[in-house]
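Summary of the model geometry
These are the residues of each chain, in order.
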Amino acid sequence: PGTSGNLTWTGAFNPGPNAIAATGTSVAAVDISTVAGANAALSAVDAALLDLVIVGAGPAGMAAAIAAKQRGLRHVVLERAALVNSLLHYPTDMVFFTTPDLMEIGGLPFVSPHEKPTRQEALKYYRRVVDAFDLQIAFEEKVLSVGAEADAVQDGERLFEIETRSAEEPALLE
């Protein structure tokens, strides 16, 4: 089902053997057939049930997407703004209080000439992660709500609904 001006996705949740430990906020098995084409990353997703929807394209969301891809799970990442959006807003001359190897995800080396990486190095590294793993991320897709549908079951699995709004869509006045 859809609502005017917003996207609504409905799907089933199956916390079976394919479920992975989520490092970001996630919901499993969502049918996006009603919204495929609304966003380039969503268009690339098969319009069938997804095994996983990951909310947020920060380091945790990207790590969850990499793990899902390695396990062959059908998934999509929804991001309301830019890749690693919080890092984007850090001071431009900021230096992390950790080492590059502790910021690595997916086994992709984070090489820095400094003992502590800079904000700019981190932004470049995480863009490289997206490219290296060919992560499909739906940018400017704000998640408005996630919830189980009352008494809704499909093939023995509970149905969930995720409501989003694309940045291109005007917000509805109430």
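Quick caveat: nothing in here was measured; it's all calculated off a predicted structure. (Residues numbered from 1 in each chain as written. Predicted model: local features only at pLDDT ≥ 70, side-chain atom pairs only at ≥ 80, totals over all residues. Heavy atoms only, no water.)

**Focus on the overall build of the protein chain**
A count of helices and strands for the protein chain gives five helices and seven strands. If you list the helices and strands of the protein chain from N to C, you get β-β-α-β-α-β-α-α-α-β-β-β. Burial statistics for the protein chain: of 174 residues in total, 41% are counted as buried. Per element, the accessible surface of the protein chain, about 9,200 Å² overall, is 53% carbon and sulfur. (Helix = DSSP H or I, 4+ residues; strand = E, 2+ residues; numbered from the N terminus. Buried < 20%, exposed > 50% of the residue type's maximum accessible area, 1.4 Å probe, protein only. Areas by Shrake-Rupley, 256 points an atom, 1.4 Å probe, with all protein chains shown as cover.)

**Quick word on the pairing of strand E6 (residues 141-154)**
Looking at chain direction, E6 and strand E7 (residues 157-166) are connected through nine bridges and run antiparallel. For Lys142, the partnering residue across the bridge sits in E7 and is Arg165. Taken together, E6 and the strand that follows it, E7, pair antiparallel across an intervening segment of two residues, in which Asp155 is found at a positive phi of about 50 degrees. (Pairing = 2+ DSSP bridges.)

**Things to note about the confidence of the model for the protein chain**
Looking at the protein chain as a whole, its pLDDT mean stands at 75, while 68% of the residues score no less than 70. Long-range and interchain partners of residues 1-38, a stretch whose pLDDT sits below 50, account for 118 contacts in this model, where long-range means more than four residues apart. (pLDDT = per-residue confidence, 0-100. Contact = heavy atoms within 4.5 Å.)

**What to know about unusual backbone geometry**
Positive phi outside glycine occurs at Asp134, with the angle close to 50 degrees. Take Asp134: it is sitting in the loop between helix H5 (119-133) and strand E5 (137-138). Of note, the phi angle at Glu140 is positive, near 55 degrees, even though the residue is not glycine. Topologically, Glu140 is positioned in the loop between E5 and E6.

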